[in-house]
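Observations on the three-dimensional arrangement
Each chain, written out:
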Amino acid sequence: MTSTLTGCPPAVATTASVTGSAWRRVRTVAGYACMLLAAVAFLYPLIWMVTSSFRPGASILNDPLGFDPSAATWRNWTGMFANTPILHALANTAIVVAGKGGMLLVFSPLAGYGFAKFHFPFKNALFGLVLLTLMLPTLVLIIPLLLEMSQLNWINSYQALILPGAVDAFSVFWMRQTISEIPDELLDAARIDGCGPLRAFWSVVVPVLRPALAALAVLSLFNIYNDLVWPIVAINDQQHQTLAVLLAGMSSNVSGAQAGVSSADMWGQLMAACTFATIPTVLLFVFLQRHFIRGLLAGSSR
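Structure report, in brief. (Residues numbered from 1 in each chain as written. Predicted model: local features only at pLDDT ≥ 70, side-chain atom pairs only at ≥ 80, totals over all residues. Heavy atoms only, no water.)

To continue, consider unusual backbone geometry. Even without being glycine, Asn153 reaches a positive phi, approximately 60 degrees. Here Asn153 lies in the loop between α7 (138-151) and α8 (158-162). Take Asn153: its relative accessible area is 67%, and that puts it in the exposed class. (Helix = DSSP H or I, 4+ residues; strand = E, 2+ residues; numbered from the N terminus. Buried < 20%, exposed > 50% of the residue type's maximum accessible area, 1.4 Å probe, protein only.)

As for its position among the elements, Leu139 is in helix α7. Looking at Leu139, the relative accessible area reads 62%, which means it is exposed. When the C-alpha atoms of Leu139 and Trp230 are compared, they prove to be 9.0 Å apart, with 91 residues separating the residues in sequence.

Let's shift gears to the pattern of salt bridges. Evaluation of the coordinates by the stated rule reveals 2 salt bridges. Lys117 serves as the salt-bridge partner of Asp184, at 2.7 Å between the closest nitrogen and oxygen. Pair noted here: Asp184 is in helix α10 (residues 184-192) and Lys117 is in helix α5 (residues 86-117), with a separation of 67 residues, a long-range link. The residue Asp188 makes a salt bridge to Arg191 at a minimum N-O spacing of 2.8 Å. Of this pair, Asp188 and Arg191 both sit in helix α10, separated by 3 residues, roughly a single helical turn. Residue classification places Asp188 among the partly exposed residues on the basis of a relative accessible area of 39%. (Salt bridge = Lys/Arg side-chain N within 4 Å of Asp/Glu carboxyl O.)

All right, on to the packing of aromatic side chains then. Summed over the entire model, instances satisfying the criterion amount to 11 aromatic pairs. Geometrically, the ring pair formed by Phe54 and Trp74 is edge-to-face, given 5.1 Å between the ring centres and 90 degrees between the ring planes. With a gap of 20 residues between them, Phe54 in the loop between α2 (10-52) and α3 (57-62) and Trp74 in the loop between α3 and α4 (75-83) connect regions that are remote in the sequence. Under the relative-accessibility criterion, Trp74 is labelled exposed at 57%. Put simply, the rings of Phe54, Trp74, Trp77, Phe81 and Phe276 touch in pairs and so form one group of aromatic residues. (Phe/Tyr/Trp six-rings, centres within 6.5 Å; stacked < 30°, edge-to-face > 60°.)

Structure follows, in structure tokens:
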């Protein structure tokens, strides 16, 4: 009866099922193999950087891809801490990330909330102007911003590092699109219960917005942490130097220009400094990974 209904003998159906199962296993193995190769390709530079930070400088120059665990040394790390103000640069970077990132995570959702859930004159025109700023390259804004900082006497100050770009168009756009998906009935219910606009934002919008905020925090804080162009332009003293500027200065000294340090030792200290600067970003991603992925995928099922 079964063979009559399916139109093929039982033996043929069994063979087709086994063949299909085998192909599925092959595809699965091939997929994992491709992902493993991609992981190795992405992680190898990071692994090389970490291992090179424990190698003698001469070994890095003579055999860049080799690594002898028996020759591992802490000399690069001790020399890096002794010859560079990396802890002070890390403190400056933490101040900039906390100040600029905090302002971005506060004001971008508020601006998105206003554009998404309130009606006021020229709302669409203003939002269009915000989106137009996405088309402006960062380099175009450097000279006007530098002149503005000079007029305000903010050159070589934390204000110059934190305030410009503290709220960007992409963050406002992302928050506006996410908040637009929140049903108006939830906000209406909050108003009926006596909540004002800010209380409704805090009690209704923020809990729903948490995954998107986590994803925005990771992306934005990475950009602030790694920013190099604007700190180099706005800061020319060591007191306000950030990690990115310090690493750029160290990379320019690998030819041996720094007094008392050979070119080989500079390579080892540069690898140690790069490894040290990478640790905070890795920890940030590990702690926020779950929320980051949820925020990026928030709308993929719609």
